[in-house]
Amino acid sequence: MTRHGGIVTVARQDGADQPSWGVDEVCVSYGKTVALDNVTLPVPAGQVTAVVGGDGAGKSTLLRCLAGVLAPDSGTVRRPPKERSGYLPATSGIYPDLTVTENLDFRARGYGVSRQVVRERAAEYLDRSGLANASDRLAGQLSGGMRQKLAVIAAMLHHPDLIVLDEPTTGVDPVSRSGLWWLIARAAAEGCAIVLATTYLDEAERCSSVLVLEGGAALASGTAEKIVAAMPGSLRALPARPEGEAAARSWRRAGRWRVWDPDPAGLDTGPADSEVIAPDLQDAVTVAALAATPGGAA
Amino acid sequence: MSALASCSKVTRRFGQFTAVREVDLQVGPGEIVGLLGANGAGKTTLIRMLLGLLGTTGGEVTLFGEPPSRLTRSRIGYVPQRLGLYDDLTPTENLEFAEAIFGAGGTALPEPVRPYARELVGSLPLGVQRQVAFAQALSHQPDLLMLDEPTSGVGPLGRARLWETIGDAAEAGAGVLVTTHYMEEAQECGRLVIMADGRVVAAGTAAEIVGSRQVVGVEAESWPTAFGALEQAGLQVALAGRGLRVPGADPAQVRRALGDLPAVVRQVPATLEERFFELTKQASPEAAA
């Protein structure tokens, strides 16, 4: 491994002086590909922080730094020691030929949690996330959503200080997703810092703060309200796809077309059949991605 | 309007288990219909019957006015969840293969795929792979498109571009039936059909389905403390930003559970997702525990 220059601070959480986990000005390259370019993200205790972006945006690389499985080329990572963090990789790390209970026993005992405590916590988490009837089933026979819930429970059973979840809800049906979100809220309510990657903005909106990544760069960050308020330019809705160069700055939404104008003066000068739109997070993130695309903006 | 796809009292049993019961569903030309449901709600069984891969136990499926057959299949464009592409062929080769099967020709690669024309599909970003799958499904100009979770794993801008492709096909007159797990995608559909426990439990626009339903919103000084108190009272609580939402409870009940905790409690309009849970729970109480 030739990585060097990155600073990784490993600290323990103590009640009096809670360290804030996160990354500062982190850079990671794989060969010539820049996976993370000067990215900063605080991950406070008792909050859920979302990292959004498409395939290849750098979400997994960032989470791998926070989980301690990857050291950055430069910048600072602040994280608890491995035994005080929980990590759910994009492929879930569950043993298919063990039962649900055996998986949890195995994982938690690896963290030094007693069998008694594992049983008590597991019973509650399984019950509240809708897995109670599955405890004796082989993990390999669970549906995708049930397996993800199991993986999240396995990552939080030792009550870690930091939980890192890489797309826990992708491809998961809404009922399992609500069970997953109950687990996430429960861990945050107990004071754990949670950071998760998602491609869905309605999920990001449920988090305390959001980082928008694209091509390894941070396009926007902060609360959902702040990201929306900071959207550059102006936004209009049109009944049909605009012609000419505006087409590259437009997208379909809810049966109409959104057109982004990098110039805030566009609020006053749009076509007659258009209407000024107050953006939401979905609009603001789409605009951020357009503005960062060569040719997508002016 | 004559429906492109029509289910009339369609039922499908597997032994003792009824996967789909008495489902009515129509997709007309130019229409985008969203099919929503939890795992096990019967969506996949219904789609397999519409594709002609599975027979019915009762009721009637018609496609373009006739029973599903090899002939009707040739008028359908289908994108399965796993895309159905050959990873070790290029986008161009995948497209040519599909065209050869359907006797079509001359389909241009969509613009976002062009830079990748000579690379193997298996090595491409997911959003680009999905564009290839869409182009393949559309190459024979089908009258009916069936899309299973079409944008899963794709980022916001990529998703907007995929919905553009779907919308263009509908504007050109195709009927579209699309399954999704994500309520923010449901707003792209002109009409929604919600299935639970094999049945259609709601149909209409998102606004019609949600109606005037409300849930209790809680803005507490400390949401974790409020979360704990509401949990303790046995209420169902969901996190939303720094606030909480309590579906299925009334404000007085929530106020009581919070005791002396400083919090603003008020009724707020329910989301489509919250209404979806309510419907799913009513249909099969233990599935939505």
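Before any of the text, the structure's been laid out above.
Not measured: the values here are computed from a predicted model. (Residues numbered from 1 in each chain as written. Chains lettered and ligands numbered in written order. Predicted model: local features only at pLDDT ≥ 70, side-chain atom pairs only at ≥ 80, totals over all residues. Heavy atoms only, no water.)

## Some thoughts on the overall build of chain A
Line of reasoning, step 1. Each helix and strand in chain A was counted, giving nine helices and 14 strands.
Line of reasoning, step 2. For 298 residues, the compact-globule estimate of 2.2 N^0.38 gives 19 Å, and the C-alpha radius of gyration of chain A, at 21 Å, lies within 12% of that figure.
Line of reasoning, step 3. Overall size of chain A, expressed as C-alpha extent along the three principal axes, is 70 × 45 × 40 Å.
Line of reasoning, step 4. For chain A, the residues scored as buried account for 52% of the 298 residues in total.
Line of reasoning, step 5. Entry remark: accessible area of chain A is about 12000 Å², with carbon and sulfur atoms responsible for 51%.
Line of reasoning, step 6. In chain A, which carries 29 positive and 34 negative side-chain charges, the distance between the mean positions of the two groups comes to 5 Å. (Helix = DSSP H or I, 4+ residues; strand = E, 2+ residues; numbered from the N terminus. Rg over C-alpha atoms; globule rule 2.2 N^0.38 Å. Buried < 20%, exposed > 50% of the residue type's maximum accessible area, 1.4 Å probe, protein only. Areas by Shrake-Rupley, 256 points an atom, 1.4 Å probe, with all protein chains shown as cover. Lys, Arg positive; Asp, Glu negative; His and termini not counted. Charge placed at Lys NZ, Arg CZ, Asp CG, Glu CD.)

## What about the sheet that holds strand 11 (residues 234–238) of chain A?
Line of reasoning, step 1. Read across the sheet, four strands follow the order 12-13-11-14 (chain A) without closing on themselves; strand pairing throughout is antiparallel. The two strands at the open ends of the sheet, each matched to only one other strand, are strand 12 (250–253) and strand 14 (275–276) of chain A.
Line of reasoning, step 2. Across four bridges, the pairing between strand 12 of chain A and strand 13 (residues 256–261) of chain A is antiparallel. Bridge pairing in strand 13 of chain A links W251 of chain A to R258 of chain A.
Line of reasoning, step 3. Along the sheet, helix 9 (residues 281–292) of chain A contacts strand 11, strand 12 and strand 13 of chain A; its crossing angle with strand 12 of chain A, the most-contacted strand, is approximately 155°.
Line of reasoning, step 4. Running at roughly 70° to strand 12 of chain A, helix 5 (residues 156–171) of chain B makes contact with strand 12 and strand 13 of chain A of the sheet. (Pairing = 2+ DSSP bridges. Contact = heavy atoms within 4.5 Å. Axes fitted to C-alpha atoms, helices over the stretch in contact; angles between N-to-C directions.)

## Some thoughts on the interface of chain B and chain A
Line of reasoning, step 1. Listed as interface residues are 44 residues of chain B and, on the opposing side, 47 residues of chain A.
Line of reasoning, step 2. Around 3800 Å² of area is buried between chain B and chain A when both sides are counted, 50% of it from carbon and sulfur atoms.
Line of reasoning, step 3. In this structure, the connection of chain B to chain A is made through six salt bridges.
Line of reasoning, step 4. Salt-bridge contacts for E164 of chain B lead to R241 of chain A; the nearest nitrogen and oxygen are separated by 3.5 Å.
Line of reasoning, step 5. At the surface where chain B touches chain A, the tally comes to 16 residue pairs in polar contact (both at pLDDT 80 or more).
Line of reasoning, step 6. Secondary structure elements with two or more residues in the side of chain B that touches chain A: helix 5, helix 6 (183–186), helix 8 (223–232), strand 11 (238–240) and helix 10 (272–283) of chain B.
Line of reasoning, step 7. Among the elements that line the side of chain B that touches chain A, the one with the most residues is helix 5 of chain B, at ten residues. (Buried area = accessible area lost by both parts, 1.4 Å probe. Salt bridge = Lys/Arg side-chain N within 4 Å of Asp/Glu carboxyl O. Polar contact = N/O pair within 3.5 Å; in protein donor to acceptor, adjacent residues only side chain to side chain.)

## Points about the packing of aromatic side chains
Ring pairs (aromatic) are described by centroid distance and by the angle formed between their planes.
Line of reasoning, step 1. For the structure on display, the rule yields five aromatic pairs over all chains.
Line of reasoning, step 2. An angle of 5° between the planes, with centres 3.3 Å apart, marks the rings of Y200 of chain A and Y182 of chain B as stacked. On the criterion of chain membership, the pair formed by Y200 of chain A in the loop between strand 8 (193–198) and helix 6 (201–204) and Y182 of chain B in the loop between strand 7 (175–179) and helix 6 is interchain, its members lying in two chains. Each member of the pair, Y200 of chain A together with Y182 of chain B, is buried.
Line of reasoning, step 3. On the numbers, 5.8 Å between centres and 75° between planes, the contact of F276 of chain B with F277 of chain B is edge-to-face. F277 of chain B shares its class with F276 of chain B; the two are buried.
Line of reasoning, step 4. The ring of Y182 of chain B carries the charged tip of R177 of chain A above its face, separated from the ring centre by 4.2 Å. (Phe/Tyr/Trp six-rings, centres within 6.5 Å; stacked < 30°, edge-to-face > 60°. Lys NZ or Arg CZ within 6 Å of the ring centre and 35° of its normal.)

## Structural notes on the nonpolar core
Line of reasoning, step 1. With 77 residues, the main nonpolar core has V48, L104 and I194 of chain A together with V218, L230, L244 and V254 of chain B as its most contacted residues.
Line of reasoning, step 2. In terms of residue count, the dominant contributor to this core is helix 5 (residues 174–189) of chain A (eight residues).
Line of reasoning, step 3. Beyond its immediate stretch of four places on either side in the chain, V218 of chain B contacts L230, G243, L244, V246, V254, L258, A263, V264 and V265 of chain B. (Core = buried A, V, L, I, M, F, W, Y, C linked by side-chain atoms within 4.5 Å.)

## Topic: the pattern of salt bridges
Line of reasoning, step 1. Tallying each qualifying case throughout the model produces 27 salt bridges over all chains.
Line of reasoning, step 2. The closest approach of N and O atoms between R241 of chain A and D168 of chain B, which form a salt bridge, is 3.0 Å. Residue R241 of chain A is found in the loop between strand 11 and strand 12, and its partner D168 of chain B is found in helix 5; the two belong to separate chains.
Line of reasoning, step 3. Here the residues in one salt-bridge network are R241 and R252 of chain A together with R161, E164, D168 and E171 of chain B, joined through shared partners.

## Observations concerning a nonpolar patch on the surface
Residues and elements named next belong to chain B.
Line of reasoning, step 1. Judged by side-chain polarity, Y86, F97 and I101 come together as a nonpolar surface patch covering roughly 310 Å² of accessible area.
Line of reasoning, step 2. Inspection of the secondary structure assignment puts I101 in helix 3 (residues 91–102).
Line of reasoning, step 3. Looking at I101, the relative accessible area reads 56%, which means it is exposed. (Patch = residues over 30% accessible without salt bridge, like charges linked within 9 Å, V, L, I, M, F, W, Y side chains within 5 Å.)

## Some words on helix 9 of chain A
All names here are of chain A.
Line of reasoning, step 1. Over its twelve residues, helix 9 extends 17 Å from the first C-alpha to the last, a length consistent with the 16 Å expected when each residue adds 1.5 Å.
Line of reasoning, step 2. The element helix 9 is extensively covered by neighbouring structure, given that ten of its twelve residues are classed as buried.
Line of reasoning, step 3. Burial in helix 9 covers these residues: L281, Q282, D283, A284, V285, T286, V287, A288, A289 and L290.
Line of reasoning, step 4. Of the residues flanking the start of helix 9, the one acting as N-cap is D280, its side-chain oxygen 3.2 Å from the backbone nitrogen of Q282. (Expected span 1.5 Å × (residues − 1).)

## Quick notes on the packing of helix 3 (residues 115–128) of chain A against helix 5 of chain A
Residues and elements named next belong to chain A.
Line of reasoning, step 1. Two elements in contact, helix 3 and helix 5, have axes whose closest approach is 9 Å; the angle formed by their N-to-C orientations is 135°. Taken together, the axes of helix 3 and helix 5 lie oblique to each other. From helix 3, E124, Y125 and R128 reach across to helix 5, where they touch W182, L183 and R186. (Parallel < 35°, antiparallel > 145°, perpendicular 65-115°, else oblique.)

## Points about the pairing of strand 3 (residues 32–36) of chain B
All names here are of chain B.
Line of reasoning, step 1. For strand 3, the tally of buried residues reaches five of five residues, placing the bulk of the element in the interior.
Line of reasoning, step 2. Here strand 3 shows two buried faces, one formed by I32, G34 and L36 and the other by V33 and L35.
Line of reasoning, step 3. Across four bridges, strand 3 lies against strand 7 in parallel orientation. Following the sheet pairing, L35 is matched in strand 7 by T179.
Line of reasoning, step 4. Bridging between strand 3 and strand 8 (residues 191–196) involves four bridges; their strand directions are parallel. Its bridge partner lying in strand 8, V33 is registered against R191.

## A few points about empty space enclosed by the protein
Line of reasoning, step 1. Applying the stated rule across the entire model yields one cavity of 30 Å³ or more.
Line of reasoning, step 2. Here the largest cavity is characterised by a volume of approximately 120 Å³.
Line of reasoning, step 3. Surrounding the largest cavity, W251, R252, R253, Q282 and T286 of chain A together with P156, R159, A160, W163, E184, E185 and E188 of chain B form its lining.
Line of reasoning, step 4. Elements represented by at least two residues in the lining of the largest cavity include exactly strand 12 and helix 9 of chain A together with helix 5 and helix 6 of chain B.
Line of reasoning, step 5. Examining the composition of the lining of the largest cavity, we find that four residues originate from one element, helix 5 of chain B, more than from any other.
Line of reasoning, step 6. Tallied by class, the residues present in the lining of the largest cavity amount to four nonpolar, two polar and six charged. (1 Å grid on protein atoms, 1.4 Å probe; cavity = no way out; pocket = protein on both sides within 12 Å on 5 of 7 lines; lining within 4 Å. Points joined across faces, edges and corners; volume = space filled by probe spheres on them. Nonpolar A, V, L, I, M, F, W, Y, C, P; charged D, E, K, R; others polar.)

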